[in-house]
Amino acid sequence: MTLRFCRYCDEPITDPGDAVHLWNEESMSGPGRDVWAHREHAGLVEPDIALARILARVMIAERRRS
């Protein structure tokens, strides 16, 4: 059995019936990873905006150069 962790509380999800698949995070060097949460936390999880922030910085830098 694969051990899953809740994105909201960082605790292991021990009951497979309590696990909610939220999305798949892309990866630069592989297939990415699935994001899970406890059923009661699923609506509280916000996406990680780090990649969007990095992309915005790259786009701003490119725009300034042209």
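Residues numbered from 1 in each chain as written. Predicted model: local features only at pLDDT ≥ 70, side-chain atom pairs only at ≥ 80, totals over all residues. Heavy atoms only, no water.

## Digging into the overall build of the protein
Thinking step 1. A tally of regular secondary structure across the protein gives 1 helix and 4 strands.
Thinking step 2. What you see in the protein, going N to C, is helices and strands ordered as β-β-β-β-α.
Thinking step 3. A compact globule built from 66 residues would reach a C-alpha radius of gyration of about 11 Å, whereas the protein, at 16 Å, exceeds it by more than 25%.
Thinking step 4. Seen through its C-alpha atoms, the protein measures out along the principal axes to roughly 55 × 25 × 15 Å.
Thinking step 5. Contacts in the protein between residues far apart in sequence, at least 24 positions, make up 30% of those at least 6 positions apart.
Thinking step 6. As displayed, the protein offers around 5600 Å² of accessible surface, 54% of which is attributable to carbon and sulfur atoms.
Thinking step 7. Looking at charge distribution, the protein has the averaged site of its 9 positive side-chain charges lying 13 Å from that of its 11 negative ones. (Helix = DSSP H or I, 4+ residues; strand = E, 2+ residues; numbered from the N terminus. Rg over C-alpha atoms; globule rule 2.2 N^0.38 Å. Contact = heavy atoms within 4.5 Å. Areas by Shrake-Rupley, 256 points an atom, 1.4 Å probe, with all protein chains shown as cover. Lys, Arg positive; Asp, Glu negative; His and termini not counted. Charge placed at Lys NZ, Arg CZ, Asp CG, Glu CD.)

## Focus: the nonpolar core
Thinking step 1. If you look at the biggest cluster of nonpolar residues, it comprises 6 residues: C6, I13, A19, W36, A37 and V45.
Thinking step 2. With residues near it in sequence (within four places) discarded, I13 still touches R4, F5, C6, D18, A19, W36, A37 and H38. (Core = buried A, V, L, I, M, F, W, Y, C linked by side-chain atoms within 4.5 Å. Buried < 20%, exposed > 50% of the residue type's maximum accessible area, 1.4 Å probe, protein only.)

## Quick word on the environment of D34
Thinking step 1. Relative to the elements of secondary structure, D34 occurs in strand β4 (residues 30-38).
Thinking step 2. Sequence separation between D34 and H21 is 13 residues; the distance between their C-alpha atoms is 7.1 Å.
Thinking step 3. Each residue touching D34, except ones within four places of it in the same chain, is listed here: H21, W23 and N24.
Thinking step 4. Within the local environment of D34, its side chain forms a polar contact with the side chain of H21, the two groups lying 3.0 Å apart.
Thinking step 5. Polar contacts involving the side chain of D34 include one to the side chain of N24, which spans 2.9 Å. (Polar contact = N/O pair within 3.5 Å; in protein donor to acceptor, adjacent residues only side chain to side chain.)

## What to know about the pairing of β4
Thinking step 1. One ladder, built from 7 bridges, connects strand β3 (residues 19-27) with β4; its direction is antiparallel. In the sheet register, W23 faces β4, and the bridge partner there is V35. (Pairing = 2+ DSSP bridges.)

## Here we look at a nonpolar patch on the surface
Thinking step 1. Together, L51, I54 and V58 make up an exposed nonpolar region whose accessible area comes to about 300 Å².
Thinking step 2. As for its position among the elements, I54 is in helix α1 (residues 50-65). (Patch = residues over 30% accessible without salt bridge, like charges linked within 9 Å, V, L, I, M, F, W, Y side chains within 5 Å. Salt bridge = Lys/Arg side-chain N within 4 Å of Asp/Glu carboxyl O.)

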